[in-house]
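A closer look at the structure
One-letter residues, chain by chain:
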Amino acid sequence: MIIIENVAVATVDANDTYHDDGHVVVGDDGRIAAVGAGHAGRYQGSVRRVDGTGCLVTPGLVNTHHHLYQWVTRGLALDETLFGWLTTLYPIWGRLDAEIVGAAAGAGLGWLALSGCTTSMDHHYVFPRDGGDVLEAEIEAARLIGVRFHPTRGSMDLSQKDGGLPPDHVVEDTDAALAATEAAIDRWHDPSPDAMLQIAVAPCSPFSVTQKLMTEAADLARRRGVRLHTHLAETDDEEEFCLERFGCTPVDYAERVGWLGDDVWLAHGVHLDDSAITKLGATGTGVAHCPSSNARLGAGSARVRELLDHRVPVGLGVDGAASQEVSHLGAELRQALYTARQRGGPKSMNAAEALRLGTIGGARCLGRDNDLGSIERGKLADLVIWRLDGLGHEGIDDKRAALVFGPPAAVELSLVGGRPIVERGELVHADAESLTRQARRAHRRILGDR
Ligand SMILES: [Zn+2]
């Protein structure tokens, strides 16, 4: 049992209940036993007491869009649009293998954990023929770091020879991709409420996937009761591609192939007109908002205020590390708030709403909001205690404002199901230096430097 006291608490419950000075109690079952103002009651047995003076406790952040393998190809194609960036990087990604992906995932997930993330998805869609078991490699990395993991089995089957964007050698055969996706569900997916590992089905994007794969992937996911994820409405180039090839906008295409619904979450959703937003809201289709990546690629800025006003589930994503080198989920809170305000002025998002995106909004996208995303009695104890009394934050009295408006905060303690994964700014189960060394070696290997 863990008792956290003398701490500001942002519960992110339905009323955004906030305690300036409160407590959270974590039970032996890894779930939240109590939360409230003032001190915790008396508890018997073996108890770890955490003094949260100077800190804020929030639900652990949920990362709803990522490509972990990209950690080893950061800093490339720095001044490109999405299509220019992709065509530069596809040939390099064609050299991925399990060792490289494992090293990238270790580095990426270690860094995410240090940035306040307790649950991350990953969207992996490059499976070179002789690359080994890359999905297994990233799952092992997630187990090492200790985060809750939602890897998606991605796929691409539309290459240049058929009018798609990726080169021929990085795509898969349609039926083989579907079979491998179902095999991943069989092997890894845990449907239980406490699950540390869940699989989703994730063909990559309209310009790299055939209509057949989109349709059959949706059928597969629904037959197996898992969720669906893809990139949609990220750039003007993609919209032009859809208009030319399918004669409709990306969201109308998604509707046509059975990809709107409350079991679907879409990465980006930047270029959406009013009718598209209405459709997402009416169907409960989620959006993984990735404001830093959108800014890095100059893709545009998502209409998050309007999405929220239409009750669209919106989570935050850092997106692949090669399309935004910061990859810090805590920092994405501020980027989301700034992006909303650049579009709609200072009333268009406040600190509590930004925090909702990073927590309960993400949990909704992943279908885990019954168990994750807020600090409420009975929910899983995925919690982050942020240190907010140092040089960067002292004097910002509202600790939620300090977290969102201030510089990226250090994690004092991060729990996943009540088990620590970060303590005093250090990973508990892995060594950051060794993760860095492995990532460096993988970076050199994939660039062909050795
Ligand atoms: Zn992406």
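First, a word on scope: everything that follows refers to the structure included in this document. (Residues numbered from 1 in each chain as written. Predicted model: local features only at pLDDT ≥ 70, side-chain atom pairs only at ≥ 80, totals over all residues. Heavy atoms only, no water.)

1. Digging into the pairing of strand β16 (residues 419-423)
- In terms of strand pairing, strand β15 (residues 410-416) meets β16 through 4 bridges, oriented antiparallel. Directly across from Leu-413, in β16, lies its bridge partner Glu-423.
- What sits between the antiparallel neighbours β15 and β16 is a turn of 2 residues, in which Gly-417 has the positive phi angle 55 degrees.
- Between β16 and strand β17 (residues 426-427), which pair antiparallel in sequence order, lie 2 residues; one of them, Arg-424, sits at a positive phi of approximately 45 degrees. (Pairing = 2+ DSSP bridges. Helix = DSSP H or I, 4+ residues; strand = E, 2+ residues; numbered from the N terminus.)

2. Re the coordination of the zinc ion
- Note on the zinc ion: its protein donors are His-65 (NE2), His-67 (NE2), His-231 (NE2) and Asp-319 (OD). The metal-donor distances range over 2.1 to 2.5 Å.
- Mapping the donors of the zinc ion onto the primary sequence gives the spacing H-x1-H-x163-H-x87-D. Of this pair, His-67 sits in the loop between β6 (61-63) and α1 (82-93) while His-231 is found in strand β10 (residues 227-232), placing the two residues 164 residues apart along the sequence. His-231 matches His-67 in its accessibility class, with the two residues each being buried. (Donors = N, O, S within 2.8 Å, 3.2 Å for Na, K, Ca; no water. Buried < 20%, exposed > 50% of the residue type's maximum accessible area, 1.4 Å probe, protein only.)

3. Comments concerning the packing of aromatic side chains
- For the coordinates displayed, the defined rule picks out 8 aromatic pairs.
- A ring pair is formed by Phe-241 and Phe-246, whose centres lie 6.2 Å apart and whose planes are at 70 degrees; its orientation type is edge-to-face.
- We classify Phe-246 as buried; its relative accessible area is 11%.
- Members of the aromatic cluster, joined through ring pairs, are Tyr-69, Trp-85, Tyr-90, Trp-93 and Tyr-125. (Phe/Tyr/Trp six-rings, centres within 6.5 Å; stacked < 30°, edge-to-face > 60°.)

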